[in-house]
Amino acid sequence: MTRIAVVGCGYVGGVSAACFAELGHSVECIDINTERIALYRTGKSPIHEPGLEELLARGISSGRLTFRDCYPEFIDAEIVFIAVNTPGSSEGAADLRAVRDAVTSVAARLAPGSIIVNKSTVPIGTGDLVEGMARRVNAERISVVSNPEFLREGSAVADFMRPDRIVLGSNDPSAVERVARLYSSLEAPVVQVDIRTAEMIKYASNAFLATKISFINEIAAICEALGADVTEVARGMGMDDRIGPRFLAAGLGWGGSCFPKDVRALSHMASVHGTHPQLLRSVIDINNGQRLRVVGRLRNALDGLDSKRILILGAAFKSDTDDIRNSPALELANLLALEGASVAIADPVVSRIRIEQESTSVNVVDSVTEGLSGAHAVVLATDWPEYLAFDFASARTSMALPVFFDARNAMDGDRLNASGFTYMCIGRPASEATVPQVAMTPAVYALAGGS
Ligand code: UDX
Ligand code: UDX
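All residue numbers refer to position in the chain's written sequence, counted from 1. Throughout, the order in which chains and ligands are written sets their labels, letters from A for the former and numbers from 1 for the latter. Owing to the predicted nature of the model, reporting of local features is limited to residues with pLDDT of at least 70; listing and counting of side-chain atom pairs is limited to 80 or more, with chain, interface and lining totals taken over all residues. To get the side-chain values, take all heavy atoms of the structure and skip hydrogens and water.

**Student:** Quick question: what am I supposed to make of unusual backbone geometry here?
**Tutor:** The phi torsion of most residues other than glycine is negative, and most of the peptide bonds are trans. The backbone phi angle of Ser-307 is positive, close to 65 degrees, even though this residue is not glycine. Within the secondary structure layout, Ser-307 lies in the loop between α11 (278-301) and β9 (309-313). Phi at Asn-409 is positive, roughly 50 degrees, even though this residue is not glycine. Only runs of H or I of at least four residues qualify as helices and only runs of E of at least two qualify as strands under DSSP, and these elements are numbered from the N terminus. Relative to the helices and strands, Asn-409 resides in the loop between β13 (403-406) and α16 (413-418).

**Student:** Looking at this structure, I do not really get the site of ligand 2. What am I missing?
**Tutor:** Each residue is tested against the molecule or strand, and it is near if at least one of its non-hydrogen atoms lies within 4 Å. Close contacts around ligand 2 come from 19 residues, with Glu-149, Glu-153, Lys-202, Lys-318 and Arg-408 the closest. Glu-149 has a polar side-chain atom sitting 3.0 Å from an oxygen atom of ligand 2. What qualifies as a polar contact is a pair of N or O atoms within 3.5 Å, subject to a donor-acceptor requirement within protein and to the restriction that residues adjacent in sequence count only when both atoms come from side chains. Between ligand 2 and Gly-255 there is a distance of 3.0 Å, counted from an oxygen atom to a backbone nitrogen or oxygen. Protein burial of ligand 2: of its 660 Å² of free accessible surface, 91% is covered by the chains. Among the elements that make up the shell around ligand 2, the one with the highest residue count is helix α8 (residues 195-226) (three residues). Both domains that meet at the shell around ligand 2, namely domain 1 (3-193) and domain 2 (194-451), each give it at least three residues. The Shrake-Rupley method, run with a 1.4 Å probe, gives the accessible areas here. Residue values count only the displayed protein chains as cover. Segment limits for the domains were obtained from an automatic or database-derived domain assignment.

**Student:** Can you help me understand the domain arrangement of the chain in this one?
**Tutor:** Where interface size is quoted, it is often the accessible area lost as the parts come together. When cut into domains, the chain gives domain 1 (3-193) and domain 2 (194-451). Relative placement of domain 1 and domain 2: their C-alpha centres are 33 Å apart. With 39 residues of domain 1 at the contact, the number on the domain 2 side is 30 residues. Summed over both partners, the accessible surface that disappears when two parts come together, traced with a 1.4 Å probe, is what is meant by buried area. Summing the contributions of domain 1 and of domain 2, the shared interface buries around 2,700 Å²; its carbon and sulfur component is 57%. Three residues, His-48, Ile-124 and Glu-153, lead the burial of domain 1 against domain 2; their summed loss comes to 26% of the area buried on that side. Seen at the junction of domain 1 and domain 2, the total is ten residue pairs in polar contact (both at pLDDT 80 or more). Put simply, the parts of the chain that give the side of domain 1 that touches domain 2 at least two residues each are α5 (126-137), β6 (143-146), β7 (166-170) and β8 (190-193). Its residues assigned to classes, the side of domain 1 that touches domain 2 comprises 17 nonpolar, 15 polar and seven charged. Contacts are assigned to residue pairs with any non-hydrogen atoms lying within 4.5 Å of each other. Classification convention: Asp, Glu, Lys, Arg as charged; Ala, Val, Leu, Ile, Met, Phe, Trp, Tyr, Cys, Pro as nonpolar; all other residues, Gly among them, as polar.

**Student:** What exactly am I supposed to notice about the packing of aromatic side chains here?
**Tutor:** In this description, an aromatic ring pair is defined by two values, namely the gap between the centres and the angle between the planes. Pairing of aromatic side chains here covers Phe, Tyr and the six-membered ring of Trp, requires ring centres within 6.5 Å, and sorts the geometry by plane angle: under 30 degrees stacked, over 60 edge-to-face, intermediate tilted. Taken as a whole, this structure holds ten aromatic pairs when the rule is applied. Aromatic ring contacts, followed pair by pair, group Phe-20, Phe-81, Phe-160 and Tyr-183 into a single cluster. Over the ring of Phe-150 we find Arg-165, and its NZ or CZ is 3.6 Å from the ring centre. Placement of a charge over a ring requires the Lys NZ or Arg CZ to be within 6 Å of the ring centre, with the centre-to-atom vector within 35 degrees of the ring normal.

**Student:** Help me out: how do you make sense of the site of ligand 1 in this one?
**Tutor:** Close to ligand 1 lie 19 residues; Asp-31, Arg-36, Thr-121, Glu-149 and Lys-261 are nearest. With respect to ligand 1, the side chain of Glu-149 contributes an N or O atom lying 2.8 Å from an oxygen atom. The separation between an oxygen atom of ligand 1 and a polar side-chain atom of Lys-261 is 2.7 Å. Compared with its free state, where it exposes 690 Å², ligand 1 has 91% of that area covered by protein. Considering only residue class, the shell around ligand 1 consists of seven nonpolar, seven polar and five charged.

**Student:** Help me understand the packing of α11 against helix α12 (residues 328-338), please; the structure alone is not making it clear to me.
**Tutor:** Each pair of packed helices gets described by two things: the angle between the helix axes and the distance between those axes. Where α11 meets α12, the closest approach of the two axes is 10 Å, and the angle between their N-to-C directions is 45 degrees. On the basis of their axis angle, the class for α11 and α12 is oblique. In this structure, α11 crosses over α12, and the sense of that crossing is right-handed. Only Pro-328, Glu-331, Leu-332, Leu-335 and Leu-336 of α12 make contact with α11, whose side of the interface consists of Arg-291, Leu-292, Val-294, Val-295 and Leu-298. Axes here mean lines fitted to C-alpha atoms, for a helix over just the part in contact, with angles spanning 0 to 180 degrees between N-to-C directions. Relative orientations are named as follows: roughly parallel for angles under 35 degrees, roughly antiparallel for angles over 145 degrees, roughly perpendicular for angles from 65 to 115 degrees, and oblique for any other angle. Crossing chirality is assigned from the near helix's rotation relative to the far helix, an anticlockwise turn below a right angle marking it left-handed and a clockwise turn marking it right-handed.

**Student:** Help me out: how do you make sense of the side chain of Thr-2 in this one?
**Tutor:** In this structure, Thr-2 sits in the segment before β1 (3-7). Not counting residues within four places of it along the chain, the set of residues in contact with Thr-2 comprises His-25, Ser-26, Glu-78, Ile-79 and Leu-182.

**Student:** Mind showing me how you'd approach the pairing of strand β4 (residues 79-82) here?
**Tutor:** Looking along a regular strand, one sees side chains alternate from face to face of the sheet. Each residue is assigned to one of three classes by its accessible area relative to the maximum for its type, calculated with a 1.4 Å probe on protein chains only: buried under 20%, partly exposed between the two thresholds, exposed over 50%. Residues of β4 alternate between two faces, with Ile-79 and Phe-81 on one and Val-80 and Ile-82 on the opposite face, all of them buried. Note: β1 against β4, four bridges, orientation parallel. Residue pairing across strands places Ala-5 opposite Val-80, the latter belonging to β4. The handedness rule is simple: strands pointing away from the viewer, and a clockwise path from the first strand over the helix to the second, make the crossover right-handed. Taking the sense of rotation as the criterion, the β-α-β connection linking β4, helix α4 (residues 97-107) and strand β5 (residues 115-118) turns out right-handed. Two strands pair under a simple rule: DSSP has to find at least two bridges between them.

**Student:** Please clarify how the packing of α8 against helix α9 (residues 230-238) should be interpreted in this entry.
**Tutor:** Where α8 meets α9, the closest approach of the two axes is 9 Å, and the angle between their N-to-C directions is 130 degrees. As the angle between them shows, α8 and α9 are arranged oblique. Where α8 crosses over α9, the handedness of that crossing is right-handed. Of the residues in α9, those touching α8 at Phe-215, Ile-216, Ile-219, Ala-220 and Cys-223 are Val-230, Val-233, Ala-234 and Met-237. Here the contact of α8 with α9 is composed, by residue class, of nine nonpolar, no polar and no charged.

**Student:** Is there a simple way to think about the pattern of salt bridges in this case?
**Tutor:** Where side chains of opposite charge bring their charged atoms close, a pairing between them can arise. For this document, the term salt bridge refers to a Lys or Arg side-chain nitrogen within 4 Å of an Asp or Glu carboxyl oxygen. For the structure on display, the rule yields 24 salt bridges. Ionic pairing is found between Glu-224 and Arg-293, a salt bridge with its closest N-O pair at 2.7 Å. Pair noted here: Glu-224 is in helix α8 and Arg-293 is in helix α11, with a separation of 69 residues, a long-range link. Arg-293 sits in the partly exposed class, given a relative accessible area of 35%. Close ionic contact of Glu-232 with Arg-235 constitutes a salt bridge, the shortest N to O distance being 2.8 Å. Of this pair, Glu-232 and Arg-235 both sit in helix α9, separated by three residues, roughly a single helical turn. Take Glu-232: its relative accessible area is 41%, and that puts it in the partly exposed class. Because the salt bridges share partners, they merge into one network encompassing Arg-3, Asp-76 and Glu-78.

Here it is in structure tokens:
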């Protein structure tokens, strides 16, 4: 058992702390967000993460997991993880203010021989900066290790407990050994490198996954033009073990708190250091274009978006999370509203308040049925299971027009077509090119509420 502290208990730090406690370590969580800490203390998780509350309950009842909303006089942990947020600034550089604050506060309170571990995604070279900061604040020897996380929101507990690898970067081999021991019961391979290489592994991994998604989204656009089915293309590609089947789902493109921030930060780092990240720039452009392509196709299908009523199903950036940071669903909703559409949005987990804080151009509805009534189109933007199982056929006649845009290729298009919908999707022949258009005859237009 090792005494650990985790500073920054959000989607990454909160899960890491609970999992370390589950592995038998004593973990003190420190976060300046008093509401978050107060909630954690009750065993409730401030974030929607499957399996986390069970771990919190065990950690708290065993006494291995404690929470504070301020720094103690002295941190008696041997190893302190920094998992504070590192948001992107306007031009893409990662904002390190939270990391600086956390390292300065922690370094002053540590015993000689302690270790500071960067878990947050930080620009390449930050570990060296942290080492210098720690030395300035505390003359005693404090080692620094980079230990990037590879946790997907919605499966973070599973990803922590079954990692493909543990990446550890440091100038101090004994520090690497001590941090590696924390994970020893997970029996995962340890990749031991220098700090900068560890930091780059994180960025390069996220950038590659984002590249894979932008690649399949570009292939989807070509499939649409040439009449191929991108989901079958992905299936055929994925059987090649050099490619693999995962992260080849065409859709609205990638969002969340990591890919957008990390790909832009890597591109920015490359640019300011004199290299030209053409591929990363294209990966970003393709992704931004994905939402615009959906807007264009809806505009054509509805003969213009002004005054059209559109229901967006899902606000979270993907299913199984309540995170709406850089959500493609919300970006799509805002783009549709910009063209005069009246946009309703529903999500089974994200609260009305969170959505309204993030977007003033949508009307949050409490049910799919409410949102479908009078709608000219419905868009599946987040593949929540509740939506995949919903009986849309029974609510079709309440819609003004039966246009269903499956922006996640997650629905049974034939079934929706058979129920009288005009089924649209991404990169498949069942798009509007082959499905009979809803002819905008005057009678249909009048039905649709047109003047
Ligand atoms: C964060 C980083 O954003 C991400 O780049 C990195 O890979 C992992 O850590 P996340 O956990 O999603 O991701 O951030 P967030 O959910 O915002 O949690 C950060 C926490 O740090 C917040 O609870 C915030 O209150 C806390 N914090 C921030 C501190 O405790 N102290 C600070 O000085 C700043
Ligand atoms: C990602 C990385 O996967 C994880 O390793 C890292 O630590 C943090 O960033 P996360 O952002 O939680 O995790 O979600 P992920 O499951 O990777 O999805 C990212 C985005 O890509 C989502 O918007 C998702 O909808 C989208 N996506 C994912 C696709 O569009 N197609 C796919 O095939 C997979």
